[in-house]
Amino acid sequence: MTELIVGIIVFIVSVVIGFFFGILYRKKVAEAEIGSAEAQAKKIVEEGEKLAETKKKEALLEAKEEILKAKNESEREMKERRKEISKMENRAAQREETLDRKLENLEKKEETLNKKIKQNTELGEEIEALKEKELEVLQKISGYSVQEAKDELLTRIEEEVKHEAAMKIVEIESQLKEEADEKARHIISLAIQRCAADHVSETTVSVVNLPNDDMKGRIIGREGRNIRAIETLTGVDLIIDDTPEAITLSSFDPVRREVARLALEKLISDGRIHPARIEEMVEKAKKEVDVSIKQAGDKAIFETGIHGINNELVKLLGRLRYRTSYGQNVLVHSIEVAFLSGIIADELGIDSTLAKRAGLLHDIGKALTGEHEGSHVQLGIDVARKYKENKDVLHAIEAHHGDVEPRTLIAMIVQAADAISAARPGARREDLENYIKRLQKLEEIATSFDGIEKSFAIQAGREIRIMVKPEEVNDDQMVLVAREIVKKIEAELEYPGQIKINVIRESRAVDYAK
């Protein structure tokens, strides 16, 4: 135990002594290293000082070189600036000399200009005096005063303006006519294609066939009492001639003629012919005709699809079945105009039902012309107003023959449809006398104007060619002459369809080679 403690103490003492000696050794080594480091550091410092001195010298040299270089550069720039300033001074001096010379020249020019102005003023005064003298001489030579010359100039200007206005009118009319004709041709052709109608067949006489020629004597009766009774009751003339087995009925009123025809057929069928029987058969025939008139009116209303027409107007429509105009059945014509008006109205996008109504009733007055005084237009307006027809229908009736200017599209459509129905081939016929009178009147109207040399009605009165005197009517005035002739024809002449006015101006130069 004691040995162990001694051993431990010895060990501890040995460790302490070793540690102490180690520290001493390290101190000496460190002092040696520090001395070496100090020597090395001193050496490095000395070398650094030497290097810094070298660098400092080099930097000083470089700085001196830069300063010298900058000095040389600034001196060079100063020399160049001086040269430029010298040049600018020279230029300024030259410009100053030039300006001085120009100023002297301007002063000389101003002096010259003043002299010329003075000369021009004097010359202008001389010219004005000469102008006045020349005006006096011209007035003496020409015989015109200043005011007369102005009037002449104004006249020429007015003629030029008229010329330009006429040319403009021609241009505008041509353009509008082309557009309107194209549209109208399309609508009218479409309406005509969709409307088929019969040709003229009615006359002013009717023929009643007899079973034998002995029946003529029975119809005449003892001392002509039977034929007188028939003519008195019906208002129809019976023509009994050499025509075998036939009697001709003649009357301007187709309703009376139809009553007489039916009554005669009934008497012939019955065989008992005497005044009392004749009166009875005439009454029956009148009732049958009244029924057929009502049925014809109802049929027309049904065909056209128009409703709400007064019964009295329907009966008047039915009477048109027995009325003709230039050989054209008026009821058929009215139905045709109604269909055409409806088609045209549909194409234009307006009320086709109202257009058809106006077209159907436009000639309603013709059913009353046999019993009442006045034109069929005025009679139609009165009866339509009496039964409270639409105001557009009244205006269409009033305007369909151009008695008044049409103010509505419905009136224009009915007017056009009436002309189409009346003017189509085979629709109407005229007697020769009226036809010739219309052509003569057409030529008389044309030749009534100044400057017209000759006029010729051609194409059955649908065109008139007018030859004007070239020395009295110029090209511009031709337009105005044609327009005036159109207005007079529309005002004074009645005609179906339209009339083309063709004005011709011809200038000829004739000479002879000898």
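Because the structure is a prediction, the values reported are computed rather than measured.

Side note on the overall build of the protein chain
Part 1 of the reasoning: Of regular secondary structure, the protein chain possesses 14 helices and eight strands.
Part 2 of the reasoning: A buried classification covers 29% of the 514 residues belonging to the protein chain.
Part 3 of the reasoning: In the protein chain, the proportion of contacts linking residues at least 24 apart, taken out of those at least 6 apart, comes to 61%.
Part 4 of the reasoning: On the protein chain, roughly 35,700 Å² of surface is accessible, and the fraction owed to carbon and sulfur atoms is 54%.

Some points on helix α8 (residues 330-348)
Part 1 of the reasoning: In this model α8 runs 26 Å from its N-terminal to its C-terminal C-alpha over 19 residues, within 8% of the 27 Å that 1.5 Å per residue would give.
Part 2 of the reasoning: Among the 19 residues that make up α8, 14 are buried, leaving the element largely enclosed by the rest of the structure.
Part 3 of the reasoning: Remark: G349 follows α8 within two positions and exhibits a positive phi of approximately 75°.

Notes on the sheet that holds strand β7 (residues 463-468)
Part 1 of the reasoning: One open sheet accounts for three strands, arranged β6-β7-β8; its pairing is mixed. Each edge of the sheet is formed by a strand with only one pairing partner; in this case those strands are β6 (452-458) and β8 (500-505). For this sheet the average axis-to-axis angle between neighbouring strands, irrespective of direction, equals 20°.
Part 2 of the reasoning: One ladder, built from six bridges, connects β6 with β7; its direction is antiparallel. Bridging from a neighbouring strand, I452 pairs with V468 of β7.
Part 3 of the reasoning: On the sheet, helix α14 (residues 475-492) packs against β6, β7 and β8 and is oriented at approximately 150° with respect to β8.

A closer look at the pairing of strand β3 (residues 246-250)
Part 1 of the reasoning: Judged by how many residues are buried, β3 sits mostly within the fold: four of five residues are covered.
Part 2 of the reasoning: Alignment of strand β2 (residues 237-239) against β3, held across three bridges, turns out to be antiparallel. Bridging across to β3, I239 finds its partner in T248.

A few points about the environment of G308
Part 1 of the reasoning: With respect to the helices and strands, G308 occurs in the loop between α6 (275-304) and α7 (311-319).
Part 2 of the reasoning: In sequence terms G308 and E389 are 81 residues apart; their C-alpha atoms lie 9.8 Å from each other.

Here we look at the nonpolar core
Part 1 of the reasoning: Grouped together as the largest cluster of nonpolar side chains are 42 residues, with contacts concentrated most on I309, L316, L317, L360, I364 and I410.
Part 2 of the reasoning: Residue assignment for this core shows that the elements contributing at least two residues are α6, α7, α8, α9 (352-361), α10 (376-386), α11 (391-399) and α12 (409-423).
Part 3 of the reasoning: Of all the elements, α8 adds the most residues to this core, at eight residues.
Part 4 of the reasoning: With residues up to four places along the chain from it excluded, the contact list for I410 reads I350, D351, L354, A355, A358 and A396.
Part 5 of the reasoning: L238, L249, A260 and I293 belong to the second largest nonpolar core, which has 27 residues in total.

A closer look at a nonpolar patch on the surface
Part 1 of the reasoning: The grouping of I5, I9, V13, I17, F20, F21 and L24 at the surface amounts to a nonpolar patch, some 640 Å² of accessible area in total.
Part 2 of the reasoning: Examined against the element boundaries, I9 turns out to sit in helix α1 (residues 2-142).
Part 3 of the reasoning: On the accessibility criterion, I9 (47% relative accessible area) is partly exposed.

Regarding the confidence of the model for the protein chain
Part 1 of the reasoning: Put simply, the protein chain has an average pLDDT of 79, and 89% of its residues get 70 or more.
Part 2 of the reasoning: For residues 198-202, every residue scores under 50 in pLDDT, and the model assigns this stretch 15 contacts once sequence neighbours within four places are set aside.

What about the pattern of salt bridges?
Part 1 of the reasoning: Overall, the coordinates contain 16 salt bridges when judged by the stated rule.
Part 2 of the reasoning: Of the charged contacts in the structure, one is a salt bridge between R76 and E73, with a shortest N-O distance of 2.0 Å. Note that R76 and E73 are positioned in helix α1 at a spacing of three residues, about one turn of the helix.
Part 3 of the reasoning: Classification of R76 by relative accessible area gives partly exposed; the value is 38%.
Part 4 of the reasoning: A salt bridge links R76 to E80; the nearest nitrogen and oxygen atoms lie 2.8 Å apart. Taken together, the residues span about one helical turn, with R76 and E80 both in helix α1 at a distance of four residues.
Part 5 of the reasoning: By sharing partners, the salt bridges in this structure join E73, R76 and E80 into a single network.

What about a positive patch on the surface?
Part 1 of the reasoning: A contiguous patch of positive charge on the surface is contributed by K79, R82, K83, K87, R91 and R95.
Part 2 of the reasoning: Along the chain, K83 turns up in helix α1.

So, the side chain of R277
Part 1 of the reasoning: Topologically, R277 is positioned in helix α6.
Part 2 of the reasoning: A relative accessible area of 11% means that R277 is categorised as buried.

Concerning the packing of α6 against α7
Part 1 of the reasoning: Where α6 contacts α7, the axes come no closer than 7 Å and their chain directions differ by 100°. Taken as axis vectors, α6 and α7 run roughly perpendicular relative to one another. Side by side, α6 and α7 meet where I293, K294, A296, G297, D298 and I301 of the first sit next to N311, V314, K315, L317, G318 and R319 of the second.
Part 2 of the reasoning: Of the residues belonging to the contact of α6 with α7, the class tally is five nonpolar, three polar and four charged.

A closer look at unusual backbone geometry
Part 1 of the reasoning: Positive phi, close to 55°, is recorded for E223, a residue that is not glycine.
Part 2 of the reasoning: Residue placement: E223 occurs in the loop between α3 (214-220) and α4 (225-234).
Part 3 of the reasoning: For E223, a relative accessible area of 70% puts it in the exposed group.
Part 4 of the reasoning: The backbone phi angle of K388 is positive, close to 55°, even though this residue is not glycine.
Part 5 of the reasoning: Checked against the element boundaries, K388 lands in the loop between α10 and α11.

What counts, and where the lines are drawn
- Residues numbered from 1 in each chain as written.
- Predicted model: local features only at pLDDT ≥ 70, side-chain atom pairs only at ≥ 80, totals over all residues.
- Heavy atoms only, no water.
- Helix = DSSP H or I, 4+ residues; strand = E, 2+ residues; numbered from the N terminus.
- Buried < 20%, exposed > 50% of the residue type's maximum accessible area, 1.4 Å probe, protein only.
- Contact = heavy atoms within 4.5 Å.
- Areas by Shrake-Rupley, 256 points an atom, 1.4 Å probe, with all protein chains shown as cover.
- Expected span 1.5 Å × (residues − 1).
- Pairing = 2+ DSSP bridges.
- Axes fitted to C-alpha atoms, helices over the stretch in contact; angles between N-to-C directions.
- Core = buried A, V, L, I, M, F, W, Y, C linked by side-chain atoms within 4.5 Å.
- Patch = residues over 30% accessible without salt bridge, like charges linked within 9 Å, V, L, I, M, F, W, Y side chains within 5 Å.
- Salt bridge = Lys/Arg side-chain N within 4 Å of Asp/Glu carboxyl O.
- pLDDT = per-residue confidence, 0-100.
- Lys, Arg positive; Asp, Glu negative; His and termini not counted.
- Charge placed at Lys NZ, Arg CZ, Asp CG, Glu CD.
- Parallel < 35°, antiparallel > 145°, perpendicular 65-115°, else oblique.
- Nonpolar A, V, L, I, M, F, W, Y, C, P; charged D, E, K, R; others polar.

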